[in-house]
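Results of the structural survey
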Amino acid sequence: MKNAINRTGALIAIMALLFTGACKKNFESINTDPKGATDATTPEVYNGIVSSLPLSAGEYSVMNSWIYPITQQGIVTSGAYAFDNARSAVWTNYYTAMASYRLLQSRISAATDTSTMNNLSGMLRTLMAYKTFKTTNYYGDMPYFQSGYAPLKHDSGYTAVYDKQSDIYTAILTDLKWAVDHFSTDASQYSVGSYETFFQNDISMWIKFANSLRLYIAVTLYDKNSALAATQITDALSHPLLADGDNVGLWPSKIGGLEFQWRQWSFSANCYLRMGTTMWGLMSSSNDTTGAGIFDPRCKIFFEPNNDTAWVPYPQNPTTSTPTEGGTPYSTDRFKDWYKKGSTLLYSPFNLYFEQDMDYIPELMLTAAQVHFLKAEVYNRGLGVTANATTAQTEYNNGIIASVSMWKSIAFNSPVWAVSQPATAAITPAEQTTLLGSPVVAYDLGSATHALSQIYAQLWIDQYRQPWDAWLLLRRTGGKTPMSTDNVVYYTSNYAGYQRFRYPDDEQSYNYDNWYAATGGNDVSTTKIWITK
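Report on the accompanying structure. Remember, it's a predicted structure, so these values are computed and weren't measured experimentally. For every chain, the first residue of its written sequence is number 1, and the numbers climb from 1 along that sequence. Confidence filtering applies because this is a predicted model: local features only for residues at pLDDT of at least 70, side-chain atom pairs given and counted only at 80 or more, and all residues used for totals across whole chains, interfaces and linings. Side-chain figures throughout are based on the complete set of non-hydrogen atoms in the structure, without hydrogens or water.

This part takes up helix H2 (residues 57–71). Since the α-helix advances by 3.6 residues per turn, residues separated by three or four positions end up pointing in the same direction. Helix and strand assignments follow DSSP, with helices taken as H or I runs no shorter than four residues and strands as E runs no shorter than two, numbered in order from the N terminus. In this analysis, the expected span of each helix is defined as 1.5 Å times one less than the number of residues it contains. Over its 15 residues, H2 extends 20 Å from the first C-alpha to the last, a length consistent with the 21 Å expected when each residue adds 1.5 Å. One axis fitted to the seven residues ending at a residue, another fitted to the seven starting there: the angle between these axes is the bend at that residue. Approximately 45 degrees is the largest bend angle found in H2, and it occurs at Met 63. For the exposure calls, accessible area comes from a 1.4 Å probe over protein chains only, and a residue counts as buried if that area is under 20% of its type's maximum, exposed if over 50%, partly exposed in between. Burial within H2 is extensive, with 15 of its 15 residues counted as buried.

Okay, the packing of aromatic side chains next. Side-chain rings of Phe, Tyr and Trp, where Trp is taken by its six-membered ring, are said to pair if the distance between their centres is within 6.5 Å; with planes under 30 degrees apart they count as stacked, over 60 as edge-to-face, and otherwise as tilted. Across all of its chains, the model carries 55 aromatic pairs by this definition. Ring centres of Phe 133 and Tyr 169 lie 5.6 Å apart, and the angle between their planes is 70 degrees; this geometry places the pair in the edge-to-face category. With Phe 133 in helix H4 (residues 118–139) and Tyr 169 in helix H6 (residues 165–182), this pair connects stretches of sequence that are 36 residues apart. Note on accessibility: Phe 133 and Tyr 169 belong to one class, buried. Measuring from centroid to centroid gives 4.8 Å for Tyr 314 and Tyr 347, while their planes differ by 80 degrees, and the two rings are edge-to-face.

We place a 1 Å grid over just the protein atoms. Points where a 1.4 Å probe fits but has no way out form a cavity, open points with protein on both sides within 12 Å along at least 5 of 7 lines form a pocket, and any residue with an atom within 4 Å of a point lines it. Grid points are joined across faces, edges and corners, and a volume is the space filled by probe spheres set on the points. Within this model, the second largest pocket holds a volume of roughly 280 Å³. If you go around the second largest pocket, you meet 20 residues; those closest to its centre are Leu 474, Gly 479, Met 483, Tyr 491 and Ala 496. Secondary structure elements with two or more residues in the lining of the second largest pocket: helix H17 (467–476) and helix H18 (488–494). Residues are grouped as follows: Ala, Val, Leu, Ile, Met, Phe, Trp, Tyr, Cys and Pro are nonpolar; Asp, Glu, Lys and Arg are charged; all remaining types, including Gly, are polar. In terms of residue class, the lining of the second largest pocket is built from 9 nonpolar, 8 polar and 3 charged.

So, about empty space enclosed by the protein. What the rule picks out here adds up to 5 cavities of 30 Å³ or more. The space that makes up the largest cavity amounts to roughly 150 Å³. Considering the residues around the largest cavity, the lining is formed by 13 residues, among which Ser 52, Glu 59, Asn 93, Lys 131 and Lys 134 are closest to the centre. Elements represented by at least two residues in the lining of the largest cavity include exactly helix H3 (87–109) and H4. Looking at side-chain class alone, the lining of the largest cavity contains 6 nonpolar, 4 polar and 3 charged residues. Computed from the structure, the second largest cavity encloses a volume of approximately 100 Å³. Considering the residues around the second largest cavity, the lining is formed by Tyr 130, Phe 133, Lys 134, Asn 137, Tyr 138, Tyr 216, Met 365, Trp 468, Asp 469, Trp 471, Leu 472 and Arg 475. Secondary-structure elements contributing two or more residues to the lining of the second largest cavity are H4 and H17. Residues that form the lining of the second largest cavity fall into these classes: 8 nonpolar, 1 polar and 3 charged.

Shown next as structure tokens:
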């Protein structure tokens, strides 16, 4: 199989690791000529693309070791995996899916009546837009327009030029608009049937997801291409968007057989994550170790007390005088004895249940709260619309309510969550009053600039389990996400320089000319990607 790699990273042999064993039938044998086309059915290839969405082991390890402290949504207290740990796996995963996408595009084009394939085409465009957006924000420029064609073009498809991130953004926005405009409930539409595991053939959800993703990308793009972004934002606001409760992701409770095999490993194997003072400052009004100052219900969902049941954040930018941290908060032994954290655990770790619960807690992709916060930014700044502080405030408050309700619902419905499980599945009136009225959260109608920083802060909090999105927010806003002002030299020396993933080494070996044209021979993680402000 190693010889089946397209030298832009796209696999020639399409490896669709499907959610159920029965879905694996009809895929080529590993010993088949790697240039031969797969004989997998269209539903199987489609579901193979869906199955590429979960995080890889490398992605999890880099997330827990590096991206959390880079975004300051968390901090690590000891050694970590290499920052480069995910660059090959993410690249291969993306181009494997791209090869499958190109194959299905060719089948759609060959259909007698292509209009009957609009729903399938829209689903594929939406899924690949999501994957492309995420991947280009890891690497920057990358092969796109000519990539993934090796299964169809063979030798002529082995290499591809690197396309500019600006052109990739434009292309995926075009695809998402096409999808929103062409999804249909007409009975003549081709269906992959039970293989449609993502939204279970709910076309209304496909429209809302595609359109909300379009809004997200357009808002991200605004400071780089305001004309294109404004047009897309205005149009997106006129179509259905994710509503409260529409939290898109990979939910094990909805997708039979789905299990995030690497999530548990990412915590139990060399994970040193702790709650940092940056997040703590947005969730508690004091450093009272009893937790009496906590005003945000999400705090007790995201994190837990130390071994002495005390709430103690680890300094976001520690000094040489910071006490040495110990304990074993992510040991699987705690599945049987939750309180067995280790006597030297001085600081508050991430909540064990995000490691333990493999059956309900999802991998989130885009939430209703995030859409509210994007709309709050749109009306705060006047992106494609007339600025309106009151509307921005409404969207901001609704985003907070949606976020707290989603996170409480996840903990409330988790079958293993026992200690400190929320009593209700949604935010209560008392919680809402306390949270929205706290000085750090209450929307500042008197200052659009300060209010915008509050919008970013709440979006950043909701992205707690999507730190790659928080990393994008940090870069595209020019550093306007929450940041500690203490001992800044620590952050500058250890984390600020990381801007992107380097390309896999295979690119130098097998796609050298195109790799060199894109990098000038200087492929480093400190190079800012185009979308960075």
